[in-house]
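What follows is the residue order along each chain.
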Amino acid sequence: MAAITTQSLVKEYPGGVRGVDEMDVTINDGEFFALLGPSGCGKTTLLRTIAGLEETTSGTISIGNRDVTDLNPGDRGVSMVFQDYALFPHMNVEDNIAYPMRVRKVAKEARHKVAHETGSGLALDGLMARRPNQLSGGQQQRVALARAVATRPDVLLLDEPLSNLDARLRLEARTFLKELQRDLGVTTVFVTHDQAEALALADRIAVMKSGKLQQLGTPREVFRRPSNTFVAGFIGSNPMNLVTTTLGTGTIRIGEQEIPLPSSLADLPGLDAGRSIVWGVRPEYLQLSEDPLDVSLTGEVTVVENLGASCLVSVLVGDTRLQVVVSEDDEPAPGTKVWVTASERHSLLFDTETTERITP
């Protein structure tokens, strides 16, 4: 078993700055787990602390049934792939893959056999004699991954391994990485600031901000039911519409117009007329029509952004701008009067003071 558990984990730097602040997380055996958040949120610090490259200030880290808090990195059963791959420029591919086994004093014949088997599984057969400067970015990435998995670690730690690749290669590498992790069945922790990567790859996602855990859940849970306005605005290719407004009697006021409260929240105590709230709905869950509809918001199209098979349409409702995703075949012209309808079960309310989502 290679589950990872952190309990009240703190990593504090001089001056009292906490890169990781009271982190309680359990990563299941064989899980593909993503640490997601903006730059400086503490996700790489947490990864390096699990690896043993950063010393913990307080709290514990367990891998499997072992407390590894005070163990050296080499004794934790982990392998790590860095953002810049960290390949040895004077070694060929075969020697780069075999190097961790060389450090562990594995016999030369045995370590090169494992290097060839691992390299073959990652389509590196014809590249074993080349040096890193003779490889493309995607090939270097595969060499770094081969080196990490050749020792059959209990835990694989990935620190933004796709960030140096171009957009097309990142998509290909993403699929490859998912297949590799599934085939190996190794517990994997993946650090990224790209929420699309996290949503596509992870079994579960931990969203971080300023060293603190904001939400932990499956990609579907984090996307559809964000715990607060930070997660709501951070997750999604198109940011969630977040409108600070007030409640009417059983309604939400958007400018001079009103729409009904979601039925799941209609009878919730405390949602009285005049209360300030944040109304949130994703652009994908708004519908646009050029014909009048019931319980819709009337507005005018101001900007249309082509996304390929779809369009992102900005609609001005009074002084409030809403963004709506529509099919390319339904693209309206700027200046068109339209009606916007919100999907009731996808409309969310957040408290303006705590920023937390209001739940039934």
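The rules behind these values
- Residues numbered from 1 in each chain as written.
- Predicted model: local features only at pLDDT ≥ 70, side-chain atom pairs only at ≥ 80, totals over all residues.
- Heavy atoms only, no water.
- Pairing = 2+ DSSP bridges.
- Helix = DSSP H or I, 4+ residues; strand = E, 2+ residues; numbered from the N terminus.
- Axes fitted to C-alpha atoms, helices over the stretch in contact; angles between N-to-C directions.
- Contact = heavy atoms within 4.5 Å.
- Buried < 20%, exposed > 50% of the residue type's maximum accessible area, 1.4 Å probe, protein only.
- Domains from an automatic or database assignment.
- Buried area = accessible area lost by both parts, 1.4 Å probe.
- Salt bridge = Lys/Arg side-chain N within 4 Å of Asp/Glu carboxyl O.
- 1 Å grid on protein atoms, 1.4 Å probe; cavity = no way out; pocket = protein on both sides within 12 Å on 5 of 7 lines; lining within 4 Å.
- Points joined across faces, edges and corners; volume = space filled by probe spheres on them.
- Parallel < 35°, antiparallel > 145°, perpendicular 65-115°, else oblique.
- Left-handed = near helix turned anticlockwise from the far one by under 90°.
- Core = buried A, V, L, I, M, F, W, Y, C linked by side-chain atoms within 4.5 Å.
- Polar contact = N/O pair within 3.5 Å; in protein donor to acceptor, adjacent residues only side chain to side chain.

Strand order across the open sheet formed by six strands is 6-7-8-3-9-10, with mixed pairing between neighbours. Of all the strands in the sheet, just strand 6 (78-81) and strand 10 (212-217) have a single pairing partner and so form its edges. In this sheet, adjacent strand axes meet at a mean angle of 20 degrees when their direction is disregarded. Note: strand 6 against strand 7 (residues 155-159), four bridges, orientation parallel. Of the residues in strand 7, the one forming a bridge with M80 is L157. Taken strand by strand, helix 1 (residues 43-51) contacts strand 3 (32-36), strand 6, strand 7, strand 8 (187-192) and strand 9 (204-209), and its axis lies near 150 degrees from that of strand 7.

Here the focus is helix 1. Of all the nine residues making up helix 1, seven are buried; the element is thus mostly covered by neighbouring parts of the structure. Among the residues of helix 1, those classed as buried are K43, T45, L46, L47, T49, I50 and A51. Two residues or fewer after helix 1 comes G52, characterised by a positive phi angle close to 95 degrees.

When cut into domains, the chain gives domain 1 (4-228) and domain 2 (241-358). Listed per partner, the contact involves seven residues of domain 1 and ten residues of domain 2. Together, the buried faces of domain 1 and domain 2 total about 820 Å²; carbon and sulfur atoms form 44% of this surface. Ranking the residues of domain 1 by area buried against domain 2 places F223, R224 and R225 at the top, with a combined share of 60%.

The next thing to look at is the pattern of salt bridges. All told, the structure shown has ten salt bridges when counted by the stated rule. Notably, a salt bridge pairs E54 with K11, separated by 3.8 Å at the nearest N-O pair. Placement of E54 in the loop between helix 1 and strand 4 (58-63) and of K11 in strand 1 (residues 4-13) is noted, with a sequence separation of 43 residues between them. A salt bridge links R204 to E31, with the shortest nitrogen-to-oxygen separation between them at 2.6 Å. In this pair, R204 sits in strand 9 while E31 sits in the loop between strand 2 (17-27) and strand 3, placing the two residues 173 residues apart along the sequence. E31 carries the same exposure label as R204, and that label is buried. In the salt-bridge network here, residues are joined through shared partners; they are E12, R18, D21 and K212.

With that settled, consider the layout of surface pockets. Size it by volume and the largest pocket reaches roughly 540 Å³. Along the walls of the largest pocket sit 17 residues, with V78, S79, M80, P100 and R104 positioned nearest its centre. Within the residue set of the lining of the largest pocket, elements represented by two or more residues are strand 6, helix 2 (93-103) and helix 4 (137-149). In this model, the second largest pocket occupies a volume close to 180 Å³. Along the walls of the second largest pocket sit V114, E117, T118, G121, L122, V149, R152, F176, E179, L180, D183 and L184, which together make up its complete lining. Broken down by element, the lining of the second largest pocket gets its largest block of residues, five residues, from helix 5 (residues 167-184).

Here the focus is the packing of helix 4 against helix 5. The interhelical angle for the contact between helix 4 and helix 5, taken along N-to-C directions, is 15 degrees, at an axis separation of 11 Å. Taken as axis vectors, helix 4 and helix 5 run roughly parallel relative to one another. Judged by the sense of rotation from one axis to the other, the crossing of helix 4 with helix 5 is right-handed. On the side of helix 4, the interface is formed by G137, G138, Q141, R142, L145 and V149, while helix 5 contributes L169, A173, F176, L177, L180 and L184.

This brings us to the nonpolar core. By size, the foremost hydrophobic cluster in this structure holds 37 residues, and its most contacted members are I235, I252, W279, L297, V315 and L349. Here this core takes four residues from strand 17 (residues 310-317), the largest share from any one element. For this core, the domains that each give at least three residues are domain 1 (4-228) and domain 2 (241-358). Apart from residues no more than four positions distant in its own chain, I252 is found in contact with T245, T246, L247, Q257, E258, I259, P260, L261, P262, I277, W279 and L349. Counting 32 residues, the second-largest nonpolar core is a separate cluster that includes A98, M128, L162 and L180.

Spatially, three strands are ordered 11-14-20 in an open sheet, and the strand pairing comes out antiparallel. The outermost strands of the open sheet, each flanked by one partner alone, are strand 11 (241-246) and strand 20 (348-351). Averaged over all neighbouring strand pairs, the angle between strand axes comes to 30 degrees, with direction disregarded.

The subject of this paragraph is the side chain of Q195. Within the fold, Q195 resides in helix 6 (residues 195-201). The buried category is assigned to Q195, whose relative accessible area is 12%. Here G236 takes part through its backbone nitrogen, which lies 3.1 Å from a polar atom of the side chain of Q195.

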